[in-house]
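One letter stands for each residue in the lines below.
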Amino acid sequence: MKGRGLDHFEVFGLPRRLGIDTAELQRKFYELSRRGHPDFHQGASPERQAEILEASARLNAAYRALRDPLARIEYLVRLEEGRDTREGATVKPKAPPELLEEMFEIQEALQEAKSAGQTGGLEAGAKETLATQRDRLRERYEQEEARLRGRLSQAWDSAGPADRAGALTAFKESLAVRAYLRTVIDDIDEALGGSPEGYVSHRRH
Amino acid sequence: MSRIVGIDLGTTNSLVAYVDDKTGLPRVIPDRDGQVLLPSIVSFTREGVLVGAAAKRQLVRRPQSTVYSVKRLMGRGYDDVKDELGYLPFTVLPAEGIVKIQIEGRDVTPPEVSAIVLKSLKERAEAHFGEPIEKAVVTVPAYFNDGQRQATKDAGRIAGLDVVRIVNEPTAASLAYGLQRIREGLIAVYDLGGGTFDISILRVKDGIFEVLATNGNTHLGGDDFDRAIVLALLEDIRAKHRVDLGRDLEAMQELRLAAEAAKVRLSAEERTALTIPFDDFTYHREITRAELEALIGRLVESTIAPCRMALADAGLAPADIDEVVLVGGSTRVPLVRRRVQELFGKMPHSQLNPDEVVALGAAVQAQILAGGITDMLLLDVTPLSLGIETLGGIVSVLIPRNTTIPTSAREMFTTSVDGQHVVDMHVVQGERELAKDCRSLARFELSGIDPMPAGMPKIEVVFLIDANGILNVTATELRSQKAAAIEVKPTYGLSEADVERMVEDSFTYAEADVEARLLIETRNEADTVITHVERALAQGRRLIGDDEHASIVAALTALKDARGSTDRDRIREATTAMNRASEHLAELMMDAALKGALASRRADEIMEK
């Protein structure tokens, strides 16, 4: 089970930093794929093929985790906490403190929507209010992502060993807010019948 | 390395191709008669099994024992397909985790039917190369789930083929285009076949074909277009002739084939005529391209949402796409081309024959695997998210959709009760939040756990999706580093024992030998002519004189007599004589039908005024 220790950054020979040149990452991914893809090792022994398959799976997982700045942060948090798997990995969603009051209103409106759904749908006015609130939350969601990608990521990359714990906590709080917003936005979408039936919006990260 | 061929196992047609060593280009292999497309149709007769064009000619005559579009049933459970069974003339029954097709009291499974098609292609390739062929790359729709892929692999095994790789059809097509036309850029492959629809978005760079996202519908294709036409024709016939042919299996096949042919003609022409002789009347009508488009508009439109979802997953807008490639026979329909062009805002590519391009790409992938091509590499993705059911029936996603394969995910499991020695898990595939709304893949049972207090055992389970898009699961108890025993209960599909038995049994479905096949065909042709002539005599007696009637009846008697013998030449001669004797009557009847159609149109016009 050698190689279990190789984390996603190490697979690409990168330090544990968030500032990654994605074009360079892609170039390296292609280069490593060319070298280690199972397609090019069909003649190898079964044991060797199993190793190649495992290494290739690890490379693909590493590329997926690192190519996107937000997935990269989520992975970093997991890694720093010493979790190899997703076990217990779900961040507990947390409402953004400055929006608490608004959230109560929205939750109430959603409750109403749910019971109205059984009787024949929301009226136009309530729908419009919900849609406006959703758009505001979407904006807030994008702000949160921008903060994660920008200021917080830079803070991590420039943090000395003593500041790391703080930077990590900041990530976790921001991710929790983002997860909360995502859930509420999806709930509103569903209440408004917006997205295709039951198709979970792409929660890539 | 031994030779590997590429096979496109299609809903409507199948093909086999290889890469020519001299030119380095992929080529399709024709059969003895020069035909490249093998209709994916299998007819079970007492004398043996017919495949391809020979089976296609049985559709009308033996609707209940001639199986077509079986790809739509591959890897499916009864509940998945029960809504469309009403349209199929053969009997499909539920079985544990699969469906079975009942033919004259005998059951066959979809992989066994597909195996007969594969075997015929295998033999075609063997005849071409003069050597045994044992390995193949076989294509599947990109949106096929684990069970459908597994069923395709099983079909290969039953046919005596080692399926060294399952490749997604749109990506295979991109390889064929990549070799010959497209070197670099963002590509959208729009693949609308006989029964399935896929959209794949790829980035091509330096010989690497990286799939960014894929989406689709494994139950949407040209078959559905035909069905929409048939339903309209049925209604028209009800209105004009006051009969309902919906329950008449043979008539339905006649209608389906006529609808399909009209659809094909309308790709080149603005209007076309259908003439179908039935027992009591001859149905005649014209259909315009605009009418066809009204019938299939909704179906074509339903391909647009998956395109948008794939683009969103790839993080791209339609305008970002550099090249659009059309694959699959249904992309010949002008409406389809128009909609794709509108969506992406550019003229799509269709230089390579859309019927052949997937097989050509499969041959390229086969050549890569055989080591003959080293500067091209396909990096495909898994189309559907893979997850496990957690408390409350919620799905926890382990491998998100559009992850490059091969890929793996690890998950820790433990016990919840002291001394528990078995842990269950339920693996599902799909994009819904609740396990019950996703596709159940399998239930796994981890057993042999040493008795320990609850929560103590640490079982690491590795979910690996291989380059075929098929799931493999292994488990290790971390304290002892012992591999945990896993029992897999696939929700759909055949068990290992089933496949073994089918490999053994496959000779039961041996193709009829040449002599028997020719006899069946000759008899069938005679049967068709007999039916037509009897029908014509019943409907058109008043159009001919007594002498002509007598000579037709004499020829008919002679033909029926000949048909009972095993002398092919005699049957053929009698058939020819019959055709000659009834030629004049057929002409008279066609004229009458046309006049009738004109008359009814005139009546309509008068009614409108």
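Residues numbered from 1 in each chain as written. Chains lettered and ligands numbered in written order. Predicted model: local features only at pLDDT ≥ 70, side-chain atom pairs only at ≥ 80, totals over all residues. Heavy atoms only, no water.

1. Considering the pairing of strand 6 (residues 48-51) of chain B
All names here are of chain B. In this structure, strand 5 (residues 42-45) lies alongside strand 6, joined through four bridges in antiparallel fashion. From the neighbouring strand, phenylalanine 44 faces strand 6, where its bridge partner is valine 49. Counted between consecutive antiparallel strands, the loop separating strand 5 from strand 6 contains two residues. (Pairing = 2+ DSSP bridges. Helix = DSSP H or I, 4+ residues; strand = E, 2+ residues; numbered from the N terminus.)

2. Details of the domain arrangement of chain B
Residue and element names in this part refer to chain B. We note that the domain assignment places domain 1 (4-220 + 302-379), domain 2 (222-300), domain 3 (384-493) and domain 4 (514-608) within chain B. Summarising the inter-unit geometry, the C-alpha centres of domain 2 and domain 4 are found 22 Å apart. Between domain 2 and domain 4, the contact holds 10 residues from the first and eight residues from the second. The largest contributions to the domain 2 side of the interface with domain 4 come from Asp279, Thr282 and His284, which together make up 51% of the buried area. Put simply, domain 2 and domain 4 have one salt bridge between them. Note that arginine 535 and aspartate 279 form a salt bridge whose closest N and O atoms lie 3.0 Å from each other. Those elements that provide at least two residues to the side of domain 2 that touches domain 4 are strand 16 (271-277) and strand 17 (282-288). If one sorts the elements of the side of domain 2 that touches domain 4 by residue count, strand 17 sits on top with three residues. (Domains from an automatic or database assignment. Contact = heavy atoms within 4.5 Å. Buried area = accessible area lost by both parts, 1.4 Å probe. Salt bridge = Lys/Arg side-chain N within 4 Å of Asp/Glu carboxyl O.)

3. Focus on the interface of chain A and chain B
The interface is formed by 31 residues belonging to chain A together with 42 residues belonging to chain B. Together chain A and chain B conceal approximately 3400 Å² of surface at their shared face, both sides included; 51% is due to carbon and sulfur atoms. Counting across the interface, chain A meets chain B through one salt bridge. A salt bridge links A:Asp39 to B:Arg165; the shortest N-O distance between them is 2.7 Å. Applying the counting criterion to the chain A and chain B interface returns eight residue pairs in polar contact (both at pLDDT 80 or more). When residues of the side of chain A that touches chain B are traced back to their parent elements, those giving at least two are helix 2 (22-36) and helix 3 (46-67) of chain A. Looking at the side of chain A that touches chain B, the element that brings in the most residues is helix 3 of chain A, giving nine residues. Residues belonging to the side of chain A that touches chain B are distributed by class as follows: 10 nonpolar, nine polar and 12 charged. (Polar contact = N/O pair within 3.5 Å; in protein donor to acceptor, adjacent residues only side chain to side chain. Nonpolar A, V, L, I, M, F, W, Y, C, P; charged D, E, K, R; others polar.)

4. Some words on the pairing of strand 14 (residues 197-205) of chain B
Residue and element names in this part refer to chain B. In terms of burial, strand 14 is a largely internal element, seven of the nine residues being buried. Looking at chain direction, strand 13 (residues 185-192) and strand 14 are connected through eight bridges and run antiparallel. What sits directly across from alanine 188, in strand 14, is isoleucine 201. As consecutive antiparallel partners, strand 13 and strand 14 are separated by four residues. As paired elements, strand 14 and strand 15 (residues 208-217) share nine bridges and run antiparallel to each other. Residue pairing in the sheet places aspartate 198 in a bridge with glycine 216 of strand 15. Counted between consecutive antiparallel strands, the loop separating strand 14 from strand 15 contains two residues, among which aspartate 206 sits at a positive phi close to 50 degrees. (Buried < 20%, exposed > 50% of the residue type's maximum accessible area, 1.4 Å probe, protein only.)

5. Points about the pattern of salt bridges
All names here are of chain B. Taken as a whole and assessed by the stated rule, the structure comprises 53 salt bridges over all chains. The shortest N-O distance in the salt bridge between lysine 263 and aspartate 226 comes to 2.9 Å. Here aspartate 226 lies in helix 6 (residues 222-241) and lysine 263 lies in helix 7 (residues 249-265), a separation of 37 residues in the sequence. A relative accessible area of 11% places lysine 263 in the buried class.

6. Observations concerning the side chain of B:Thr403
By the secondary structure assignment, B:Thr403 is in strand 23 (residues 403-404). With relative accessibility at 3%, the residue B:Thr403 sits in the buried group. Apart from residues no more than four positions distant in its own chain, B:Thr403 is found in contact with A:Arg64, B:Asp380, B:Val381 and B:Thr382.

7. What about the sheet that holds strand 26 (residues 439-447) of chain B?
All names here are of chain B. On the basis of which strands lie adjacent, the open sheet formed by five strands has the order 22-21-25-26-30 and antiparallel pairing. In the strand order of this sheet, the two ends are held by strand 22 (395-399) and strand 30 (485-490), each with one partner. Each neighbouring strand pair of the sheet contributes to a mean axis angle of 30 degrees, computed without reference to strand direction. (Axes fitted to C-alpha atoms, helices over the stretch in contact; angles between N-to-C directions.)

8. Looking at the packing of aromatic side chains
Residues and elements named next belong to chain A. One pass over the full model with this rule turns up nine aromatic pairs over all chains. With 3.8 Å between their ring centres and 10 degrees between their planes, phenylalanine 29 and tyrosine 63 make a pair best called stacked. You can see phenylalanine 29 sitting in helix 2 and its partner tyrosine 63 sitting in helix 3, a full 34 residues away along the chain. Judged on exposure class, the residue phenylalanine 29 and its partner tyrosine 63 are both buried. (Phe/Tyr/Trp six-rings, centres within 6.5 Å; stacked < 30°, edge-to-face > 60°.)

9. Remarks on the confidence of the model for chain A
All names here are of chain A. Taken as a whole, chain A shows an average pLDDT of 82; of its residues, 84% reach a score of 70 or greater. Across chain A, the secondary-structure element scoring lowest on mean pLDDT is helix 5 (residues 100-119), at 75, and the one scoring highest is helix 1 (residues 8-11), at 95. Residue range residues 195-205 is modelled with pLDDT below 50. Its contacts to residues more than four positions away, or to other chains, number 28 contacts. (pLDDT = per-residue confidence, 0-100.)

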